[in-house]
Amino acid sequence: MALSLDFAFEGFRTIRERPRLILLWGAVALTGHAVAVASLIHRAGPSIMQMQALQGSAPADAQRLEGVAAGLPGVALFFTVYLITGAILATAAARAALNPQDDRWGYLRFGLDEIRMFAVHALMVLMALFMLMFGGTLGYIGGETGIATGMFAAGGVILSLSIRLSLNGPQSLDRKVLDLFGSFTLTRPEVWRLILGYVIAFLLAFAVFFLCFQAIRSLVLVTFGNVPSPDYSSLRAYLTPPYMVVETLLGGVVVPLVSAIVYGAPAAAYRALKPSRSA
């Protein structure tokens, strides 16, 4: 039996049946975002302000590279916190799809399941970075055209592997072990339907984000007027009333909705494919 594209709408069903998840998942998203932004400003704020000051001028390459290098630890910490937050929300979305009756605390936990999900996400990111570096290195021999070709090829490989390995997270949660390659077996006969379903889920998530962002933007403009660029020199300077409204609504409402769609789709696909492949 072919995989039904209904899996792409799992996130909508989850939120519709349990709207309180927006509140609970939003609290996690807001906390993670606050920690990420605070760490970014603390470790890379001066570098970001320096780079903004250099825009529109012609600084020496050494000066620009110095600013970038100084901010790298803060940026790395920023993305690490986001990976942790994403792993927590992805695990919750997978639980909602695989064990809907166990909805204590909105399917949120902080244990080995989340650690395994974080490991899966981190390995996927490292794989993508490696492929981009490898493609760029091979393409460097052919000059600018070779670099573009190498990066394009690397992007194709990343996209292919991302689809074939997309069930790793839900499968690791279900089996309680870190399974890095089991997804290949499950996805092999359903690659094209998975691609189509993921495209649908991505378009839905993008539509939700875009519409919500435009609504938030309009609210901020009506309430506060034109908002200047964010000031990363300090946390106090960054947290102006307009940005506090934006961050709260984005983290507390938009992120839970988008997370439910993006993370719910592969979990529902795994739920549909698991019985026929494990029988």
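Keep in mind that this is a model prediction, so the values were computed, not measured.

This part takes up the overall build of the protein. Across its full length, the protein carries 10 helices and zero strands. Listed N to C, the secondary structure of the protein is α-α-α-α-α-α-α-α-α-α in terms of helices and strands. Taken across its 279 residues, the protein has 41% of its residues classed as buried. Once local pairs closer than 6 in sequence are excluded, the contacts in the protein between residues at least 24 apart make up 73%. Carbon and sulfur atoms make up 71% of the accessible area of the protein, which amounts to about 15,400 Å² in all.

As a further point, take helix H8 (residues 191-224). The end-to-end C-alpha distance of H8 is 48 Å, a good match for the 50 Å that 34 residues give at a rise of 1.5 Å each. Following H8 by one or two positions, Gly225 has its phi on the positive side, about 80°.

Moving on, we come to the environment of Arg18. Inspection of the secondary structure assignment puts Arg18 in the loop between helix H1 (10-17) and helix H2 (20-54). Residues Arg18 and Ala96, 78 residues apart in the sequence, show an inter-C-alpha distance of 9.8 Å. A polar atom in the side chain of Arg18 sits 2.9 Å from the side chain of Tyr107.

This paragraph deals with the pattern of salt bridges. Side chains carrying opposite charge are able to pair once their charged atoms draw close together. Taken as a whole, this structure holds 13 salt bridges when the rule is applied. Linking Glu10 and Arg13 is a salt bridge whose minimum nitrogen-to-oxygen distance equals 2.8 Å. Placement of both Glu10 and Arg13 in helix H1 is noted, with a separation of three residues, approximately one turn of the helix. The class for Glu10 is buried, based on a relative accessible area of 6%. One salt-bridge network, in which partners are shared between bridges, spans Arg95, Asp113, Glu114, Arg116 and Lys176.

Let us look at the side chain of Glu247. Tracing the chain through its elements places Glu247 in helix H10 (residues 241-278). The charged side chain of Glu247 is buried without a salt bridge, its nearest counter-charge being Arg217 at 14 Å. A polar side-chain atom of Glu247 sits 2.4 Å from a polar atom in the side chain of His33. Look past the residues within four positions of Glu247 in its chain and what remains in contact with it is Leu30, His33, Tyr238 and Gly252.

Generally speaking, nonpolar side chains in soluble globular proteins are found buried as a group. Counting residues in each nonpolar core, the largest one holds 22 residues, and the members touching the most others are Phe7, Leu167, Leu194 and Tyr198. With seven residues, the single largest contributor to this core is H10. Those residues in contact with Leu167 that sit more than four places away from it in its chain are Ser183, Leu186, Thr187, Tyr198, Pro266, Ala269, Tyr270 and Leu273. Counting 13 residues, the second largest nonpolar core, distinct from the first, contains Ile88, Ala92, Ala93 and Leu108.

A few words on unusual backbone geometry. Positioned with a positive phi, Trp105 is a non-glycine residue whose angle comes to about 55°. Note on placement: Trp105 falls in the loop between helix H3 (61-98) and helix H4 (112-140). A relative accessible area of 69% means that Trp105 is categorised as exposed. With phi around 65°, Lys176 is a residue other than glycine that occupies positive phi space. Counting through the fold element by element, Lys176 comes out in the loop between helix H6 (168-175) and helix H7 (182-187). Exposure remark for Lys176: the relative accessible area of 46% places this residue in the partly exposed category.

What follows concerns the environment of Ile261. For Ile261, the position within the fold is in helix H10. Judged by its relative accessible area of 2%, Ile261 is buried. Apart from residues lying up to four places away in sequence, Ile261 is in contact with Gly11, Phe12, Ala201, Leu204, Ala205 and Val208.

How each quantity is defined
Residues numbered from 1 in each chain as written. Predicted model: local features only at pLDDT ≥ 70, side-chain atom pairs only at ≥ 80, totals over all residues. Heavy atoms only, no water. Helix = DSSP H or I, 4+ residues; strand = E, 2+ residues; numbered from the N terminus. Buried < 20%, exposed > 50% of the residue type's maximum accessible area, 1.4 Å probe, protein only. Contact = heavy atoms within 4.5 Å. Areas by Shrake-Rupley, 256 points an atom, 1.4 Å probe, with all protein chains shown as cover. Expected span 1.5 Å × (residues − 1). Polar contact = N/O pair within 3.5 Å; in protein donor to acceptor, adjacent residues only side chain to side chain. Salt bridge = Lys/Arg side-chain N within 4 Å of Asp/Glu carboxyl O. Lys, Arg positive; Asp, Glu negative; His and termini not counted. Core = buried A, V, L, I, M, F, W, Y, C linked by side-chain atoms within 4.5 Å.

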